[in-house]
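Examining the three-dimensional arrangement
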Amino acid sequence: MQEHCYLVLDDGNIFQGYSFGALPPRTHELEEFGIKRKGAGEVVFNTGMSGYHEILTDPSYTGQIVTMTYPHAGNYGSDNSWSEIGPEKGRNLPGIKLAGMVVKKLYRGPVPEGRMTLDRFMRDNDTPGITGIDTRRLTLHIRDNGSPKGLIVRPSDSSSTVLTEADLEAVKRFIKTIPDMEGQNLIKEVGSEQQEIINPEGKIKMAVVDCGIKANIIRELTARGCRVLLFPGTASSDEILKSGPDGILIANGPGDPAVLEKQIEMIKNLIGEKPLFGICLGHQLISQALGGKTYKMKFGHHGLNHPVRDMRTGRVFVTSQNHGFAVDTDTLPSNVEARFINANDKSQEGIVCDDLNILTAQFHPEAAPGPVDSSWIFDDFVEYAAKNKD
Amino acid sequence: MPARKDLKKILLIGSGPIVIGQACEFDYSGTQAVKALKEDGYEVILVNPNPATVMTTPGIADRIYMEPLSVPYLEEIISRERPDAILPTIGGQTGLNLSLDLYDAGILDKYNVEVIGASIDAIRLAEDRGKFKEVIQKIGLDVPRSVVAKTIRDAVELKKEVGLPLVIRPSYTLGGRGGSIAYTEAEFEILVEKALSESPVKEALIEESLIGWKEFEMEVIRDPADNAVIVCSIENVDPMGVHTGDSITVAPIQSLSDREYQEMRNASLDILRAIGIDCGGSNVQFAVKPDTGRMIVIEMNPRVSRSSALASKATGFPIARCSAQLAVGYTLDEIVNEITGETVSAFEPALDYVAVKIPRFELEKFPTSYAQLGTQMKSVGEALALGRTFNEALNKAVRSVEIGKEGLTALPADITDEKLELMLTTLHPLRIYAIYTVLLREGEAAIDELYEKTNYDKWFLYNIAEIARIENKLKTRPLSTKLLMDAKQNGFSDKRISAITGMGIDEIEKEREERGITPSYHFVDTCAGEFKAATPYFYSTFGEIDEGKKTEGDAVIILASGPNRIGQGLEFDTGCTLASIAYRNEGVKSIMVNSNPETVSTDFNVSDRLYIEPLVFEDVKNIIKKEGIKDVVVQLGGQTPLNMAEELHKWGVNIVGTQVDAINTAEDRGLFAALMNKLELRQPDNRTATSFDQIETCAEDMGYPVLLRPSFVLGGRSMFIAYSKEELNIFLKNGIEVSKEKPILVDQFLEDAFEYDIDALCDGKNVYIAGIMQHIEAAGIHSGDSACVFPAYKSTDKVIKEMTEATVRIAREIGVVGFLNIQYAVKNNELYIIEVNPRASRTVPFLSKASGINLIQSAVRIWRGKDLKTQGLTKEKADFITDDDCFIGVGRPQTGWAVKEAVFSNDRFSDYDPVLGPEMKSTGEVIGTGATFGEAFAKAQDSAGGVLPTEGKAFVSVHKNDREAILPIVKELQTLGFQIAATRGTANFLFDHGIFAEVILKIHEGRPNVIDHIKSGKFALLINTPLGRFAEIGDNAIRIEAVKRKLTYTTTTSAAHAATRAIRYLKKKEVIVRPLIDVLGDFK
Ligand SMILES: Nc1ncnc2c1ncn2[C@@H]1O[C@H](COP(=O)(O)OP(=O)(O)O)[C@@H](O)[C@H]1O
Ligand SMILES: Nc1ncnc2c1ncn2[C@@H]1O[C@H](COP(=O)(O)OP(=O)(O)O)[C@@H](O)[C@H]1O
Ligand SMILES: [Mg+2]
Ligand SMILES: [Mg+2]
């Protein structure tokens, strides 16, 4: 059954479509619904042409409604084994973190054996989606005006397909309560609650700070012989150092990096002690710990086709990206090198600091989804760590 | 690294004539490469004997040689030009193979020419199927089980191991020529033998069958710094077994999960690295087993290809241009993405639409091969459509391919279940329509069964079922706004909705507009909207934001020619492209509309705006409405736009140049006959018949032979010559329809007449005759298939004068403003008008280049109000026009002689009789120029691939009527050192005239007969004129065998005569090369 529903933006733009996945709230349910933060959030777009499942399950999208610019979604179904939610155990909140998905055309037909439909997967994971809207218009709007806040919603009257004035009033009121991404600390909503050891046989001890880590980062590390010591995002530097790691990775996560003072302070204590690596949010936190500043980008980088130049080798590779904030290179101390630069908009994509054994990436070398051309960076992480083994 | 400074001059080899598997996509890529290199300051030397191309337009390259693509000519050019480097990867398989030949012959070393773009070693590795597999396995990828067979025995070994079916593919052939699939024991050895003989290195790959697996392609580009990106991924809707060139394909890949896709992506990059392709685009093909996901590498092409052209158009990423830039040292991140103007080329295009390509077949012209597609490509063209969804793009693509279907439609209701079943279970070219037929009847419930039968991925089947569901709704439900929007968003045209609902087209259009359902246009921007597009390249959809503003200022819309087909190909695209350039030079903005992704005209920077849309009235009208432009050019794109002229005119468009009533005077039989009467010109006797009986009466009346044909066709489809009542009856039984609505035209057939072709420009008053061309073959062989000579080689002053006068009068009387093409026949010294085309013809590019006049530019100038006299083309006052000041001019070839030779793709179709007739069958053409007729003809033959023999035995078997004419030719052959063999009758005749010929048995006269001798390689040359009968038994067996053996054969005395003059030239063993001259310097 295709239910009518709407995507309403904070600037008054309304898109009418059909619901898929979990049913979005009716306008009169908004109050109660608000806490779950589903269907409401910052609206971004992702230009990947595949990988909707990985995107859906990526904890970095917490609090965001993702518009897939590629019009067809659900083509090849969904499979739990592709999920990026991170290790099963130690999660305080299982399931999809992303607030909602917007597509042009959802596929509702048969999928390969052993898989389920995207519709079903989203329904099972309590995440609403909207299909049948002009995603091009939405994307251009975001490109030109920045990421708005939005809400996927149904009319109050179950027999009606249109939003009444009253509905709209309720929606507007609710949207105002959606917090700005800038200034938001989302770490408490994701990531492990307790310490955990993965691949205990591993020879290289990699401490990983989980602020909403993607499962594939852990896979990449264990595949390279790491014993992964997973710490919650709230772990202290003492705890981490006490575990005697060969290297420390600050992983990806959602929200505004600038407000994570606790983590930044914690990282300051790690600098120089052990080789330190960062991915995405991790990169932003380490940069800040080094004295740098982050800023909110207009609509960020969300896609699988971003060219990044390694200034050390001159090589350019295609990367998977998902970030709405970036580090301002000019604010970093002079011993820090902006090693990676986005070849398109020249924004900074990662740093290296040889004296302090720091190497970070703003992009996602673990891909999932997207190209794995930069996965060599994990080799470097592991090599650095191995070199520092005592 | 920036561009290399140590290189100054670069040699490019084009792909030669259009053949199936190697079409105008190489003009597109070559033109792009030339432009890119010139922008970087290199001097570019181009060799390509195909006059139809844009790339051979003077001014595009620094020096252009239209010489044969063979080692001696290339050596001569290299020794004259002394290029620093050769770029072998943009001229298709031909350019690649010739570069290898030059390397092997030591010529590149001798003259110190560096190979750029791909190393010889890498090319070899990729092209040798055996070695390629070894490399692939070494890097841990999977290949089909196979053996490289040099003999039948090798193949039988594999068969024991793997069993049938087996796929058989010869090494080093183009478009899979000579390839096949053996299903039965009986055919296995025959097919292996054929493949071995097709391969230039006499080897074939025999391979495990992957029929029914999913097929994918990746367009990859890698630079010297080892940066590599996937430009485009393509999924074949038709699974493995149907050549990708013949498959319906869609970009991007639809049915792979991200993991599967990344695995394929990694494999593609690994393969490029392993093979060593490090500065250019390549194409890698994969098969994936649907249930297990097992991925197998099929092949890679270390060069730009048909798929890369498609990928460029589908994504906006100019692969050929980038490849050329990488070849001279740039890296991907140094090349700006011109579509956005702000990003670099080291990225992977993100699509937010779906691109669907549908091949266009001309299988009705090759009747024996109709039933099945296979691993050998058979389509002659393709159309690309973009839509926001697969369904929208698919329906638009079906419409674009111009086969009379408005979108996916059911097969005729009277189709039998058996036939339907057959179409589903074999690789039938209409398979998707069979699928649609079933889905229309049974809905989604049929998906599983259809999957079992066709192996179309269920994703495709489900989507197609959705189109069927909408059709059924349209049939049964009221046309609600939602339903109408659904239909439009799924690519249904108004015309199609009208056909389903029974409502009028106008009514639907009105309903639609009243409800605000109008087309909107999106940019093709390479980045799914992430960056602003700087280049206006558009496609349409419904119910979405409209991004394009109206074009401001003086602008014109040029309607191009759509998918290539026999009779309407590259020549017309070249015309449209040059017109666009000419308009822009005149300060007028040009807007191009085309659906053919292989072309230069659909390059994003040729015109001010580009629309990839179906060339049908409705879609064109929408563009005109949107742009608010009145002026539309319909004269240059062949019959496609011309046929739209009347509708456009009625709707209020201003047709540029010749007006619609003038077009009708030429196209309408009755009006045209009246005109001929008025001008006192002669036509072959011609009538119109609306019933079978009437056809017979007409024929009896005018006397046999007669020529039968339907009206308004290009390429002469289903034309037929009947020499007797019996033959007439055979034709009429062959599924021909005759009625008031579908009349058949009956013409007196001029037997053994000379045919002439004239292209002219008229400004309404003055006439410039661009050239008078005389055919080598007699009338009755389509002008597109006949070799033709510029100027007339065997004619009288009287005839030339008459033709000149007639052309001028016709042009003025009709009211031509722009182009005019006339075919004349001369029989017994009398002039007949065969046909007048009020548009640019196929020969316009040939004449432009041979005469050094940019005819297209002149036409555009006429349209901009500059008459021919001002243009300096008409200097002489026409004394035969007394009531007005009329000036005329006549074009001449620059070198003295120019010969156009037709090129066929006959060898694609097994056991196909290559005899020529009034229906056009050739796919391409070449030019030969020279100071003598012999030189020009010899070069044309060489370029067409039929190298003339200079010694050996000539076999002569001619019709009685031809005996007198053949005598001097045979004598000449003797003086040239040939021995003569002949069938009994011819031999007796020759003996009577003092020539001794060895007698050869005809097929039914015993063994060894002529076929046996051909097989044993006894003859160097065949002269066989089956005059009067175009399908005589015995003769066709000779011709078929000759094609198989690639023997030179001529079927008319004039062709034999031309051949001897060429052989005389070849005997001198001169290699003369002549760069193209730009007389007026007005080519830009
Ligand atoms: N082993 C196979 N089994 C079934 N079909 C095959 C096999 N190999 C190739 N094909 C089909 O034949 C087509 C042509 O093969 P390919 O190797 O790509 O040659 P070409 O050089 O002509 O492109 C492919 O597009 C595919 O559909
Ligand atoms: N009356 C005729 N007598 C002899 N040959 C003819 C006659 N009419 C047409 N032909 C031959 O048939 C060919 C195709 O006919 P034409 O009218 O030019 O059709 P098309 O539109 O396909 O060019 C001509 O090039 C000519 O060789
Ligand atoms: Mg191929
Ligand atoms: Mg003709």
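Anyway, here's the lowdown on the structure attached to this text. Once a new chain begins, its residue numbering starts again from 1 and follows that chain's sequence as written. Naming scheme: in the order in which they are written, chains are lettered from A and ligands are numbered from 1. Selection of residues for local features in this predicted model requires a pLDDT of at least 70, selection of side-chain atom pairs for listing and counting requires 80 or more, and totals for whole chains, interfaces and linings are taken over all residues. In computing side-chain properties, one takes all heavy atoms of the structure into account and sets aside hydrogens as well as water.

Going along the chain from the N terminus, every DSSP run of H or I of four or more residues is numbered as a helix, and every run of E of two or more is numbered as a strand. On a plain count of helices and strands, chain B comes out with 36 helices and 43 strands. A globule of 1084 residues ought to have a C-alpha radius of gyration of about 31 Å, and chain B, at 28 Å, matches this closely. In terms of overall dimensions, chain B has a C-alpha envelope of 80 × 70 × 65 Å along the principal axes. A buried classification covers 66% of the 1084 residues belonging to chain B. Restricting the calculation to C-alpha atoms gives the radius of gyration, and the globule rule supplies 2.2 Å times the number of residues raised to the power 0.38. Burial classes: relative accessible area under 20% of the type maximum marks a residue as buried, over 50% as exposed, and values in between as partly exposed (1.4 Å probe, protein chains only).

Residue and element names in this part refer to chain B. The donor set comprises N, O and S atoms within 2.8 Å of the metal, extended to 3.2 Å for Na, K and Ca; water molecules are omitted, so apparent gaps in a site may simply reflect that omission. At the metal site, the magnesium ion (ligand 3) is ligated by Gln-285 (OE1), Gln-285 (NE2) and Glu-299 (OE), and these contacts range over 2.2 to 2.7 Å. Within this pair, whereas Gln-285 is found in strand E13 (residues 280–288), its partner Glu-299 is found in strand E14 (residues 295–301), the two being separated by 14 residues in sequence. With a relative accessible area of 7%, Gln-285 lands in the buried category.

So, on to the interface of chain B and chain A. Taken together, the contacts link 57 residues of chain B with 50 residues of chain A. When residues of chain B are sorted by the area they lose upon contact with chain A, Asp-258, Arg-259 and Glu-530 of chain B head the list and together hold 16% of the total. Salt bridges are defined by distance alone: a side-chain nitrogen of Lys or Arg within 4 Å of a carboxyl oxygen of Asp or Glu. Across the salt bridge formed by Glu-544 of chain B and Lys-104 of chain A, the nearest N and O atoms sit 2.5 Å from each other. Pairing of N or O atoms within 3.5 Å defines a polar contact, subject to two protein rules: one partner must be a possible hydrogen donor and the other a possible acceptor, and residues neighboring in sequence count only if both atoms are side-chain atoms. At the boundary of chain B with chain A, the tally comes to 25 residue pairs in polar contact (both at pLDDT 80 or more). Breaking the side of chain B that touches chain A down by element, the ones donating at least two residues are strand E11 (228–236), helix H9 (258–275), strand E16 (343–344), helix H12 (390–400), helix H16 (458–476), helix H17 (481–489) and strand E19 (519–523) of chain B. For the side of chain B that touches chain A, the class distribution of residues is 24 nonpolar, 14 polar and 19 charged. We call two residues in contact whenever any of their non-hydrogen atoms come within 4.5 Å of each other. A quick way to say it: buried area is the sum, across both parts, of accessible area lost when two parts are put together, with a 1.4 Å probe. Any residue outside Ala, Val, Leu, Ile, Met, Phe, Trp, Tyr, Cys, Pro, Asp, Glu, Lys and Arg is labelled polar, Gly included; the first ten of those are nonpolar and the last four are charged.

Another point: the site of ligand 2. Residues and elements named next belong to chain B. Inspection of the region around ligand 2 gives 20 residues, with Arg-709, Glu-755, His-782, Gln-823 and Glu-835 positioned closest. Take Glu-835: an N or O atom from its side chain is 2.7 Å from an oxygen atom of ligand 2. Computed with a 1.4 Å probe, the accessible areas rest on the Shrake-Rupley method; for each residue, only the protein chains presented here act as cover. Protein chains shield 98% of the accessible area of ligand 2, which is 540 Å² for the free molecule. Mapped onto the shell around ligand 2, the elements with two or more residues apiece are strand E27 (706–709) and strand E34 (830–837). In the shell around ligand 2, the residues fall into ten nonpolar, seven polar and three charged. Think of it this way: one heavy atom of a residue within 4 Å of a molecule or strand is enough to make that residue near it.

Residues and elements named next belong to chain B. Within the first shell, the magnesium ion (ligand 4) binds the protein through Gln-823 (OE1), Gln-823 (NE2) and Glu-835 (OE), at distances of 2.1 to 2.8 Å. Residue Gln-823 is located in strand E33 (residues 817–827), and its partner Glu-835 is located in strand E34; the two are separated by twelve residues in the primary sequence. What makes Glu-835 partly exposed here is its relative accessible area of 24%.

Residue and element names in this part refer to chain B. Lining the immediate surroundings of ligand 1 are 20 residues, of which Arg-169, Glu-208, Leu-210, Glu-215 and His-243 lie closest. Contact distances for ligand 1 include 2.7 Å between a nitrogen atom and a backbone N or O atom of Glu-208. Contact distances for ligand 1 include 3.2 Å between an oxygen atom and a backbone N or O atom of Thr-244. Within the complex, the protein chains bury 96% of what would otherwise be the 550 Å² of accessible surface of ligand 1. Buriedness of a pocket was judged along seven lines, with at least five required to meet protein on both sides within 12 Å; pockets are open sets of points on a 1 Å grid over the protein atoms alone, cavities are sets where a 1.4 Å probe fits but cannot get out, and lining residues have an atom within 4 Å of a point. Placement in a cavity or pocket follows one criterion, namely that more than half of the molecule's atoms lie within 2 Å of its grid points. One can see that ligand 1 is located within the second largest cavity.

Before going further, it helps to examine the sheet that holds strand E1 (residues 4–9) of chain A. Residue and element names in this part refer to chain A. Whether two strands pair comes down to DSSP finding at least two bridges between them. On the basis of which strands lie adjacent, the closed barrel formed by seven strands has the order E1-E2-E8-E6-E4-E3-E9 and mixed pairing. The sheet shows a mean angle of 35° between the axes of neighbouring strands, direction not considered. Here E1 pairs with strand E2 (residues 14–21) via five bridges, running antiparallel. When the bridges of E2 are listed, Tyr-6 appears paired with Gln-16. The convention used is that axes are lines fitted to C-alpha atoms, helices contributing only their stretch in contact, and that angles between N-to-C directions extend from 0 to 180 degrees. Packing against the sheet, helix H4 (residues 135–145) makes contact with E1, E2, strand E3 (40–46), strand E4 (64–68) and strand E6 (100–103), and its axis sits at approximately 100° to E3.

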